[in-house]
Every structure is written in C-alpha cells, then in structure tokens.
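Each chain is listed here by its residues.
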Amino acid sequence: MNRRRTTFLVARREIRERGRSKLFLASTVIMLLLVGASTALQGALSKEPTYRVAVTAPAPSGLAAALERAAKPFDDAKVELRVVASRAAGTLALEDEDVDALLLLASDRLFFRSDVDPKAAAVVDTAVRELRRHLPPEPELTTVTLRPEDETTDAAVLVAYVGSLLLLTTLAVYGQWVVGGVVEEKNSRVVEVVLSTVHPRHLLAGKVIGIGLLGLGQLVLVAGLAAALLAAGVYDAPASLAGDLALVIPWFALGFALYATSYAAAGALASRQQSADAAGQPVTYTLLAVYFAGYVALSADAEGVLAGVLTMFPLSAPLVLPARSALVGVPLWQHVLALVLVLASIYALVRFAGRVYGHGLLHGGPRLDPRVAWRLGRQS
C-alpha cells in the first residue's frame, strides 16, 4: 500500500471516530452559540443608547424636543442636550468625553472625537432639518472629527481577540485529541498491529491531517456564521475585514500542523500509565504562554516592537498575526517572513517527530527521553 493511500486511510479513521463523538458535536455547538451570544449581548448593550450633544449658545428654541423626536426611531434612544458658552468650551468637553458630539449651527458642522457615530449624526441632522424645515436628500450637517478617525471597529476587535481565543481553544482541544489517540493506542497495544503495516511517519501524518480537517471544518462553520453576521450589518465592519477574517483559516492549518505534531510526539514519548492530559501539558503551556504574550503585546501597543516580533516568531505567529492584521495591519514582508519561519519550523519538527514517533509508540516503560528516541531513530 503506497504512503498516500495509507495516510488517507488513517486520516479517514480519525475523522470517522472523532467526528461522531459527543465532544466534537458539543464543542461545535458551544462555539456557534458563543458567536451567536456575542450578537445578543451587543444587542442588549445597545438598547436605549443616550447621545450627549453639546451646542453653542444661544441654542435654538425647540432643539431639545426635536432631538428627542428624531432619536425615537433608533431603539428609543435618548438625547441629552448641553449648552456651552463657546466653541472652545464645547471642544474641551468633547475632548474630556463629557459629551459625544458638538453641534456648531453657525458653520453647519457636527464634531466627534475620533469616530463618527452614524446614528448620532442622523439624529442631530434630522432634528436640525425639522427646525429649519429642510428636506433630504442632501445632508444638512457636515460631520468632522477632532482627531484622525480610528479605523479599528468592534468587528475588527472581535476578529482579533475572540478569533485568537478560538484558535487557542481549537488548537489545544484538537492537540489533546492527538495525544489521547496516541496514548489510547499504546495502552491497548493496537499500535503494534498498526505499525506492522503502516510506517510511523504515515500514521503520524494521518492523525494530524484527519484531526486537523475536523478542526478546520469546525472553524469554517464558526467563521461562516461570523461572516454572515457581518454581512447582515450586525457589527460595524470595515471593507478590509473579510481578508482579515480569511487569514484565520490558513493560519489555523499552519498552527495545527506545528502544534499537533508536537502533541503527537509528546503522547508517543509518554509512558502507558501517564495520562493524556499530563503528556500534552508542556505543549499546552507553550500555547498559553504565547497567547497571553500576544494578548499583552497587542493590548499595550499593536504597532510596537514586541507585537512585531511575536507576529513573526513561529510559535506565536498563528495566534498573533491574524489578530494584529485585523487591528492595525501587517506589512507584506512580515507575512512572508512569518510564513517562511513557520514552514521551516514545521519541517524541522516533523523530522524530529517522525524519528521518535515509532520508537515512542512501542516504548512501554518509563517516559522515553526524546534524545534517546532520536538516537534510536537515527540507528534504524
């Protein structure tokens, strides 16, 4: 039997056995519910918003009532009108976040801090039209920002932080599935029968590919639901978000290839008595460490040196690069360098794991030292 056929059969077995398990079905439902719950939470938090609007004195008679009437179609939003003595006083209140917008009727301008709130702008524009008895379609007011507009939206933050958290979860869960499958086969001695007809490298590749395809399918479902919500306008989505969301898929595949091979080697080196969870702990701790390092770096300064290094470092790139790309963008050369370094790391790890995998699977005593397994692999 050729190696492709062997790898395919092993992968198909993993998909069949793991795909119909309660754990896989339950985790898929939970992740879909998490995405749906984020939508419900946003809806709950966005009910009855209050827009704080400042206007320079003297305020036109009836402006407050017109604002209240204009806000009613927007989920019964409320408007708090504040009269300021001058433009300078209004600008200071806006900078100090005491108000959300500053209305200058003399110049027909509506000022925001850094991001234009389209709903607030529509409410104020409608109220001013009512007072002046002007009709659409031309906007009555010109929206202006005091500072350069921040392009990071709630959807970008969702892709960055929730997306990386989902990647961490799926990599850890499916990596433990790899460990569990290896330890289970060692305990039942099924692996001795399998290795009589299947080369260790092909068994390793089949396990990683099979479980990786399950994880990829699960991720596509979750990403598909998120994309549908974005298309429906549930989140404020920039035009570039589709590409940022698409980055999660290939980097999951690369990250899984990198970490699943490590999980498989860890499971093979473990003793029969050692639990699957304990066998994969070093790899899981590494995953958690790079995740939290990336989270801290992106939260502190997404354009800083540490964030840039973690974007290209092979162990952290699958988690950090898609998140940083959604937040501030990543230069093309960093994409290329990160890809080259991750592929080189996968190649080196596969060479190491391929050598120790067969000897580790057949080892039934105390935990096998990786150096011993490597030396045995070279001699075989």
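See the structure shown above.
Cut-offs used in this document
- Residues numbered from 1 in each chain as written.
- Predicted model: local features only at pLDDT ≥ 70, side-chain atom pairs only at ≥ 80, totals over all residues.
- Heavy atoms only, no water.
- Helix = DSSP H or I, 4+ residues; strand = E, 2+ residues; numbered from the N terminus.
- Buried < 20%, exposed > 50% of the residue type's maximum accessible area, 1.4 Å probe, protein only.
- Contact = heavy atoms within 4.5 Å.
- Areas by Shrake-Rupley, 256 points an atom, 1.4 Å probe, with all protein chains shown as cover.
- Salt bridge = Lys/Arg side-chain N within 4 Å of Asp/Glu carboxyl O.
- Phe/Tyr/Trp six-rings, centres within 6.5 Å; stacked < 30°, edge-to-face > 60°.
- Pairing = 2+ DSSP bridges.
- Core = buried A, V, L, I, M, F, W, Y, C linked by side-chain atoms within 4.5 Å.
- Axes fitted to C-alpha atoms, helices over the stretch in contact; angles between N-to-C directions.
- Polar contact = N/O pair within 3.5 Å; in protein donor to acceptor, adjacent residues only side chain to side chain.
- Arc of directions from axis to C-beta.

Description of the overall build of the protein chain
For step 1, the next point in the chain: Across its full length, the protein chain holds 15 helices and five strands.
For step 2, the next point in the chain: Among the 380 residues that make up the protein chain, the fraction classed as buried is 45%.
For step 3, the next point in the chain: Residue pairs at least 24 apart in sequence account for 74% of intrachain contacts in the protein chain once pairs closer than 6 positions are excluded.
For step 4, the next point in the chain: Accessible area for the protein chain stands at about 19,100 Å²; split by element, carbon and sulfur atoms hold 62% of it.

Here's the deal with the pattern of salt bridges
For step 1, the next point in the chain: This model, assessed by the stated rule, comprises five salt bridges.
For step 2, the next point in the chain: The partner of Arg132 in a salt bridge is Asp108, with the nearest N and O atoms 2.8 Å apart. Of this pair, Arg132 sits in helix α5 (residues 118–132) while Asp108 sits in the loop between β3 (101–104) and β4 (109–112), placing them 24 residues apart in sequence.
For step 3, the next point in the chain: Residue classification places Arg132 among the partly exposed residues on the basis of a relative accessible area of 29%.
For step 4, the next point in the chain: In this structure, Asp125 and Arg129 form a salt bridge, with 2.9 Å as the shortest nitrogen-oxygen distance. With Asp125 and Arg129 both in helix α5 and four residues apart, this pair spans about one turn of that helix.

Quick notes on the packing of aromatic side chains
For step 1, the next point in the chain: Tallying each qualifying case throughout the model produces three aromatic pairs.
For step 2, the next point in the chain: Here Tyr291 and Phe292 contribute two aromatic rings whose centre-to-centre distance is 5.3 Å and whose plane-to-plane angle is 70 degrees, an arrangement assigned as edge-to-face.
For step 3, the next point in the chain: For Tyr291, a relative accessible area of 10% puts it in the buried group.
For step 4, the next point in the chain: Given the relative accessible area of 47%, Phe292 is considered partly exposed.
For step 5, the next point in the chain: Grouped by ring-pair contacts, the aromatic residues Tyr291, Phe292 and Tyr295 constitute a single cluster.

Here's the deal with the pairing of strand β1 (residues 50–56)
For step 1, the next point in the chain: The buried fraction of β1 amounts to five of the seven residues, a majority that puts the element mostly inside the structure.
For step 2, the next point in the chain: Sheet topology places β1 next to strand β2 (residues 78–84); seven bridges connect them, and they run parallel. When the bridges of β2 are listed, Val53 appears paired with Leu81.
For step 3, the next point in the chain: For β1 and β3, the ladder comprises three bridges, and the chain directions are parallel. Considered in β3, the bridge of Val55 is made with Leu103.

Points about the nonpolar core
For step 1, the next point in the chain: Counting residues in hydrophobic clusters, the biggest one holds 39 residues, and the most contacted among them are Trp251, Phe256, Tyr263, Leu287 and Leu319.
For step 2, the next point in the chain: Going through the elements one at a time, α6 (154–188), α8 (200–231), α9 (241–269), α11 (281–301), α13 (317–327) and α14 (332–362) are the ones with two or more residues in this core.
For step 3, the next point in the chain: Ranked by the residues each element gives to this core, the list is headed by α9, at twelve residues.
For step 4, the next point in the chain: Those residues in contact with Trp251, other than ones at most four positions away along the chain, are Ala317, Pro318, Leu321, Pro322, Ala338, Leu339 and Val342.
For step 5, the next point in the chain: Judged by nonpolar contacts, the second largest core, of 22 residues, contains Tyr51, Val53, Ala71 and Ala121.

Quick word on the sheet that holds β2
For step 1, the next point in the chain: Read across the open sheet, the five strands follow the order β2-β1-β3-β4-β5; overall the sheet is mixed. One side of each edge strand has no neighbouring strand; the edge strands of this open sheet are β2 and β5 (142–145). Each strand of the sheet is rotated relative to its neighbour by a mean of 25 degrees, with strand direction disregarded.
For step 2, the next point in the chain: In the packing of helix α3 (residues 63–71) onto the sheet, contacts are made with β1, β2 and β3, and the angle to β2 comes to roughly 155 degrees.
For step 3, the next point in the chain: The sheet contacts of helix α4 (residues 87–95) involve β1, β2, β3 and β4, and relative to β3 the element is tilted by about 165 degrees.

A few points about the side chain of Gln334
For step 1, the next point in the chain: Mapping Gln334 onto the fold places it in helix α14.
For step 2, the next point in the chain: A polar contact is formed between the side chain of Gln334 and the side chain of Arg324, at a distance of 2.8 Å.
For step 3, the next point in the chain: Those residues in contact with Gln334, other than ones at most four positions away along the chain, are Thr311, Met312, Leu321 and Arg324.

So, α3
For step 1, the next point in the chain: Those residues of α3 not exposed but buried are Leu63, Ala66, Leu67, Ala70 and Ala71. For α3, the angular spread of the buried residues around the axis is 130 degrees, confining them to a single face.
For step 2, the next point in the chain: Of the surrounding secondary structure, the elements contacted by the buried residues of α3 are β1, β2, β3 and α5.

Points about unusual backbone geometry
For step 1, the next point in the chain: Between Ala57 and the following residue, Pro58, the backbone shows a cis peptide bond with an omega angle of 0 degrees.
For step 2, the next point in the chain: Within the secondary structure, Pro58 is located in the loop between β1 and α3.
For step 3, the next point in the chain: Even without glycine at this site, Glu97 takes up a positive phi of about 65 degrees.
For step 4, the next point in the chain: Structurally, Glu97 is set in the loop between α4 and β3.

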